[in-house]
Amino acid sequence: MCGIVGYVGPQNATDVVIEGLRRLEYRGYDSAGLSVRRPEGHVTLKRSGKLKNLEDALEATPLAGAHAIGHTRWATHGPPTDRNAHPHVTEDTRVALIHNGIIENHQALRERLNGAGHVFTSDTDSEVLVHLIEEAYDGDLSDAVRAALRQVEGAYAVVVSHADHDELVVARMTSPLVLGYGEGETFVASDVPAILKHTRRVSYLQDGQVATLRPAGIQATDLEGHPQELEIDTIDWDLEAAEKGGWPHFMLKEIYEQPQVLVNTLSDRLSQSTGDANLNLTLDPSAIDRIVIVAAGTASYAGEVGRTLLERWARIPTTVEVASEFRYANPIVDARTLVVAVSQSGETIDTLEAVREGIRHGARSLAILNSKGSSISREVDDIIDIHAGPEIGVASTKAYVAMVTVFAMLALHFGRARGALSLEEGQDRVAELKRLPNLVADALEGRPAIAAAARSLAEARSVLYLGRGVHVASAKEGALKLKEISYVHAEAFPTGEMKHGPIALIDAAVPTVAVATDGPLTGKTASNLQEIKARGGRVFAIATRGADGLDGAADVRLDVPPVEDALAPVVVAVPLQLLAYEASVALGRDVDQPRNLAKSVTVE
Ligand code: F6R
């Protein structure tokens, strides 16, 4: 969600903060603001719209100061106007604050503070924090921040500056914050790319911790003021990984990174001789009877492919639950249930709370993640890192294929350990998994034909995505990609469901994308597609190169290389992603930062 950057040190604080915000803009981007501390008070500049508006304003009015805090906002309470942008500052400008998260008891606090004479200047929940800190301040900023935070309920990552002190006080409850250590300077941000140019040495603040950043170092306490140790981690990837590097969009770069991502995901985890995957789990595969996968959006579609893999290869009953529902469902899980959380960011609040709910009910837990040190990583028994590298485009691409590939390795491992797969079957699957990077590279070659098809989708009133078996999930993922970055309405159905209702939507302005790679049900799919054509619908089929089972049922074929059915979602993801990408470009949309969305969804 919102992007946060703070800096204390000898560099030009405004430059450090603005550059950091630029690298976080993918998190949320409907307004931006910056406060610079001076002994007489804070100077603050805020602008609605993209960060560029703030940068233009800063060009007209450069702001220099000893330290600075900056924020890009994804609105929750109050529209994205200048006055609702962060930082929020007290009337006398002595306290300035930025916040990510939601203060749930803000209404009651606002009424009390209003009664005590505090004047509010925004509609946000966040502003109560700055008044609470002002009220509690008695010369020690970290004391005041702790006292204020003890009164609030909800989620927060906050950074607070006071004109009296050359320090920033930061705190976290649920929303992420990373602290950076430089030479005579310290940093805080909501994500690593914002500060990686300056340091690789970081600490991930934990829930309930409050830290004070000074040029010389960082000290942490809990909310009561008891000292806390901060673990220092070293970031092992380079900033180039989070830069466009000549590509027109992050999304396209990330789509083309997929062959290499899969090499990294598979890395040295597969053994041809044992027909198994080594995932370094503490879990005994025979200690579980069922699996529940919890995730949101694209990660949940990766989970749906995962369910098919786990059921087919390991014969373990598996369900996929949308995390925002599971967390309130009083789920039926026990010590012989494995709850698997899937998340690129590791910070999605619904997924975090869902896995916590499973753990509260006594389940074993595993997380499939792309983010070291993330909130979810700290809650679970086992972690499998998907090794996709930083994903910046708001629409998830490379993380999805890496998640599916991890599920395939998990299914292989469980299948071998539980005797559902023989040595020979395991070895076949290892060989097939190792082909995935090349198959994805091959699928990328189809881009020109996909771009032509995408131009038709861009003109559609609505697009239906269909698939059978493992490709029901592919269809859902394809439809989500199209709608989120092109704003063309798209819906996904199991192919066989068409005649039970959705076929009523078909006409010349409603084309169908059918994920129809070769398999035992291709003949049935062909009949369903003929039914669509007979009603004037145009059919784009993602089909297996060289297979003729569709028997002319497609108007346009987008071919992918042949692959084992359960792994085909990894390969068909490529044309689905490129269709959405090219449609978005054809419509002139903002591919990497589509409207209303944010990369890391840390609010409910
Ligand atoms: C879609 C997309 C979202 C995320 C979802 C979960 O392209 O990116 O649907 O997949 O918000 O995010 P993570 O994986 O970070 O938990």
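Residues numbered from 1 in each chain as written. Predicted model: local features only at pLDDT ≥ 70, side-chain atom pairs only at ≥ 80, totals over all residues. Heavy atoms only, no water.

Some points on the overall build of the chain
Link 1 in the chain: When you go through the chain residue by residue, the secondary structure sums to 16 helices and 27 strands.
Link 2 in the chain: Taken over the C-alpha trace, the chain has a radius of gyration of 25 Å; the compact-globule value for 604 residues is 25 Å, and the two agree within 12%.
Link 3 in the chain: Expressed as a percentage of the 604 residues in the chain, the buried residues total 60%.
Link 4 in the chain: Considering only contacts within the chain whose residues lie at least 6 apart along the sequence, 72% involve residues at least 24 apart. (Helix = DSSP H or I, 4+ residues; strand = E, 2+ residues; numbered from the N terminus. Rg over C-alpha atoms; globule rule 2.2 N^0.38 Å. Buried < 20%, exposed > 50% of the residue type's maximum accessible area, 1.4 Å probe, protein only. Contact = heavy atoms within 4.5 Å.)

Section: the packing of aromatic side chains
Ring pairs (aromatic) are described by centroid distance and by the angle formed between their planes.
Link 1 in the chain: Inspection of the entire model under this criterion finds two aromatic pairs.
Link 2 in the chain: Ring centres 5.2 Å apart and planes at 45° place the aromatic pair Tyr7 and Phe187 in the tilted group. Residue Tyr7 is found in strand β1 (residues 3-8), and its partner Phe187 is found in strand β10 (residues 186-189); the two are separated by 180 residues along the sequence. Like Phe187, Tyr7 is buried. (Phe/Tyr/Trp six-rings, centres within 6.5 Å; stacked < 30°, edge-to-face > 60°.)

A closer look at the domain arrangement of the chain
Link 1 in the chain: Taken domain by domain, the chain consists of domain 1 (3-240), domain 2 (247-441) and domain 3 (445-604).
Link 2 in the chain: Distance between the C-alpha centres of domain 1 and domain 3: 43 Å. (Domains from an automatic or database assignment.)

Here's the deal with the side chain of Ser584
Link 1 in the chain: Mapped onto the elements of the fold, Ser584 is located in helix α16 (residues 568-586).
Link 2 in the chain: Beyond its immediate stretch of four places on either side in the chain, Ser584 contacts Ile485, Ser486, Arg589 and Val591.

Some thoughts on the pattern of salt bridges
Link 1 in the chain: Throughout the structure, instances matching the rule amount to 35 salt bridges.
Link 2 in the chain: Here Asp381 ties to Arg364 by a salt bridge, and the two come within 3.5 Å at their closest N and O atoms. One end of the pair, Asp381, is in the loop between β21 (364-369) and β22 (382-385); the other, Arg364, is in strand β21, with 17 residues separating them in the sequence.
Link 3 in the chain: Between Arg557 and Asp559 there is a salt bridge, with its nearest N and O atoms 3.0 Å apart. (Salt bridge = Lys/Arg side-chain N within 4 Å of Asp/Glu carboxyl O.)

Observations regarding the sheet that holds strand β25 (residues 512-515)
Link 1 in the chain: Spatial strand order, β24-β23-β25-β26-β27: five strands in an open sheet with parallel pairing. Strands with a single pairing partner mark the edges of an open sheet, and in this sheet they are β24 (489-494) and β27 (556-560). With strand direction ignored, the average angle separating the axes of adjacent strands in the sheet is 20°.
Link 2 in the chain: In this structure, strand β23 (residues 462-467) lies alongside β25, joined through four bridges in parallel fashion. Bridging across to β25, Leu466 finds its partner in Ala514.
Link 3 in the chain: With respect to the sheet, helix α15 (residues 522-533) is in contact with β23, β25 and β26 (539-544), its orientation differing from that of β26 by roughly 160°. (Pairing = 2+ DSSP bridges. Axes fitted to C-alpha atoms, helices over the stretch in contact; angles between N-to-C directions.)

Looking at the site of the ligand
Link 1 in the chain: Near the ligand you find 14 residues, and of these Ser343, Gln344, Ser345, Thr348 and Glu484 are the closest.
Link 2 in the chain: Ser345 places a side-chain nitrogen or oxygen 2.7 Å from an oxygen atom of the ligand.
Link 3 in the chain: Take Glu484: an N or O atom from its side chain is 2.5 Å from an oxygen atom of the ligand.
Link 4 in the chain: Considered on its own, the ligand offers 410 Å² of accessible surface; in the complex 89% of this is hidden by protein.
Link 5 in the chain: Applying the majority rule of atoms within 2 Å of the grid points places the ligand in the second largest pocket.
Link 6 in the chain: Mapped by element, the contributors of at least two residues to the shell around the ligand are α8 (297-314) and α14 (471-486).
Link 7 in the chain: Residues belonging to the shell around the ligand are distributed by class as follows: five nonpolar, seven polar and two charged. (Near = heavy atom within 4 Å. Polar contact = N/O pair within 3.5 Å; in protein donor to acceptor, adjacent residues only side chain to side chain. Areas by Shrake-Rupley, 256 points an atom, 1.4 Å probe, with all protein chains shown as cover. 1 Å grid on protein atoms, 1.4 Å probe; cavity = no way out; pocket = protein on both sides within 12 Å on 5 of 7 lines; lining within 4 Å. Sits in = over half its atoms within 2 Å of the grid points. Nonpolar A, V, L, I, M, F, W, Y, C, P; charged D, E, K, R; others polar.)

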